[in-house]
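What follows is the residue order along each chain.
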Amino acid sequence: MARWLVQIDGDRFDIEELPYWFPSGEIYAVEENSTVFLVGSGLEQLADASKIHEAAARVIEDFYSVIYLIDPGIRRPSVGAVFRENDDGTRHGFAFLSAVASGRSKARASVTIAGSTKPERSRLSQAQKLLAGSQRNRHLQVALSLLSIPNATWPHYYRCLEEIESFLDAKVSEVGLCSASERSRFSRTANTPEASGTNARHGLGKFDPPQNPMSSADGLSFVRQILLKALSLAHAAQPGSQEDAVQ
């Protein structure tokens, strides 16, 4: 059957995540001879190669925002050539200019939410469920995009927390996603230059820093785990999603 394929360019370390996390859907990933492509009915609805290339770029941005949330060691690749495969299996391609992303380790087998370890396979992958959760609420979409910004800092972390709490309509500590002391330590670190330096949200002397400030890595880890839990809640709230709840 004729179909469109969009090649994904980048380090194999990064691009092999696509067929693992997004093996199905309207647009999904397949691997052929160590090359990864996006395929699916969502591409077949588009009129020409340029539109397909643009759509694939948006899909990669969404997919890798979620993959990065699961494993910050992963880097976003780029969208390469678009191919049209004919019924007889022959292909012709359309080239577009794009940049290729350049000892990393992966954590995909050990990600946990609310104390549960992700099984290696399920009917929907964890990334598919988290992406579905983000698509239920604009605040969660923004929160997810904030954490995928290269070299994100404390203002991004804190804005992410604010977006999550707008989705929840409550503080994260009030709904049990963390303790009140954890939230306070995070927010006071983010707010005070005495704790977080030049990336602080406010000036010197405006707030008291915590006795035990978080490092930037601690702050990112804290808000990542909160966002994972919030996305899990959003996904679980979808009708018929209980059997596919994020593990």
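Residues numbered from 1 in each chain as written. Predicted model: local features only at pLDDT ≥ 70, side-chain atom pairs only at ≥ 80, totals over all residues. Heavy atoms only, no water.

Colleague: How do you make sense of the overall build of the protein when you look at a structure like this?
Modeller: Looking only at helices and strands, the protein features 10 helices and 7 strands. Of the roughly 12100 Å² of accessible surface on the protein, 48% is carried by carbon and sulfur atoms. (Helix = DSSP H or I, 4+ residues; strand = E, 2+ residues; numbered from the N terminus. Areas by Shrake-Rupley, 256 points an atom, 1.4 Å probe, with all protein chains shown as cover.)

Colleague: Which parts of the structure should I look at to understand the environment of P209?
Modeller: Position of P209 relative to the elements: it lies in the loop between α9 (193-196) and α10 (216-236). Measuring from C-alpha to C-alpha, the distance between P209 and R188 comes to 5.6 Å, with 21 residues separating the pair along the chain. Setting aside its immediate chain neighbours within four residues, P209 contacts R188, T192, E194 and A195. (Contact = heavy atoms within 4.5 Å.)

Colleague: Teacher, can you tell me more about the nonpolar core here?
Modeller: Here is a general trend for soluble globular proteins: nonpolar side chains tend to be buried in one another's company. The biggest cluster of nonpolar side chains holds 60 residues, and the ones touching the most others in it are L18, L38, I164, F186 and L227. Looking at which element gives the most residues to this core, the answer is helix α4 (residues 49-70), with 12 residues. Not counting chain neighbours up to four residues away, the residues in contact with L18 comprise I8, P23, A29, V36, I60, F63 and Y64. (Core = buried A, V, L, I, M, F, W, Y, C linked by side-chain atoms within 4.5 Å. Buried < 20%, exposed > 50% of the residue type's maximum accessible area, 1.4 Å probe, protein only.)

Colleague: I'm lost on unusual backbone geometry in this one. Help?
Modeller: Negative phi values dominate among residues other than glycine, just as trans dominates among peptide bonds. For N33, which is not glycine, the phi dihedral falls at a positive 50°. Mapped onto the secondary structure, N33 falls in the loop between β2 (28-32) and β3 (35-39). In this structure N33 comes out as exposed when scored by relative accessible area, which is 79%.

Colleague: For this particular structure, what's the right way to read the side chain of S65?
Modeller: In this structure, S65 sits in helix α4. For S65, the side chain forms a polar contact with the main-chain oxygen of E61, separated by 2.8 Å. (Polar contact = N/O pair within 3.5 Å; in protein donor to acceptor, adjacent residues only side chain to side chain.)

Colleague: Where do I start with the environment of T90 in this structure?
Modeller: Mapped onto the elements, T90 comes out in the loop between β4 (78-85) and β5 (91-94). Of the residues examined, T90 reaches a relative accessible area of 40% and is grouped as partly exposed. With near-sequence residues (within four places) excluded, T90 lies in contact with R84 and E85.

Colleague: Can you walk me through the side chain of E163 in this structure?
Modeller: As for its placement among the helices and strands, E163 is situated in helix α7 (residues 154-168). A polar atom in the side chain of E163 sits 2.7 Å from the side chain of H139. When neighbours within four sequence positions are excluded, E163 is seen to be in contact with H139, V142, A143 and L146.

Colleague: Explain the packing of aromatic side chains to me, please; I cannot follow it from the model alone.
Modeller: Describing an aromatic ring pair means giving the distance of the ring centres and the angle of the ring planes. Counted according to the given criterion, the structure contains 8 aromatic pairs. Relative to F63, the ring of F22 lies with its centre 3.7 Å away and its plane at 5°, an arrangement referred to as stacked. With F22 in the loop between α2 (17-21) and β2 and F63 in helix α4, the pair connects residues that are 41 residues apart, well separated along the chain. One exposure class covers both F22 and F63, and it is buried. Ring plane angle 5° and centroid distance 6.2 Å describe the contact between Y158 and F186, whose orientation is recorded as stacked. One end of the pair, Y158, is in helix α7; the other, F186, is in helix α8 (residues 180-191), and 28 residues separate them in sequence. Residue classification places F186 among the buried residues on the basis of a relative accessible area of 0%. Of the aromatic side chains, those joined through ring pairs into one cluster are W154, Y157, Y158, F186 and F222. One residue, R91, lies across the ring of F37, its end atom 5.5 Å from the ring centre. (Phe/Tyr/Trp six-rings, centres within 6.5 Å; stacked < 30°, edge-to-face > 60°. Lys NZ or Arg CZ within 6 Å of the ring centre and 35° of its normal.)

Interpretation in functional terms is not warranted from these geometric data alone.
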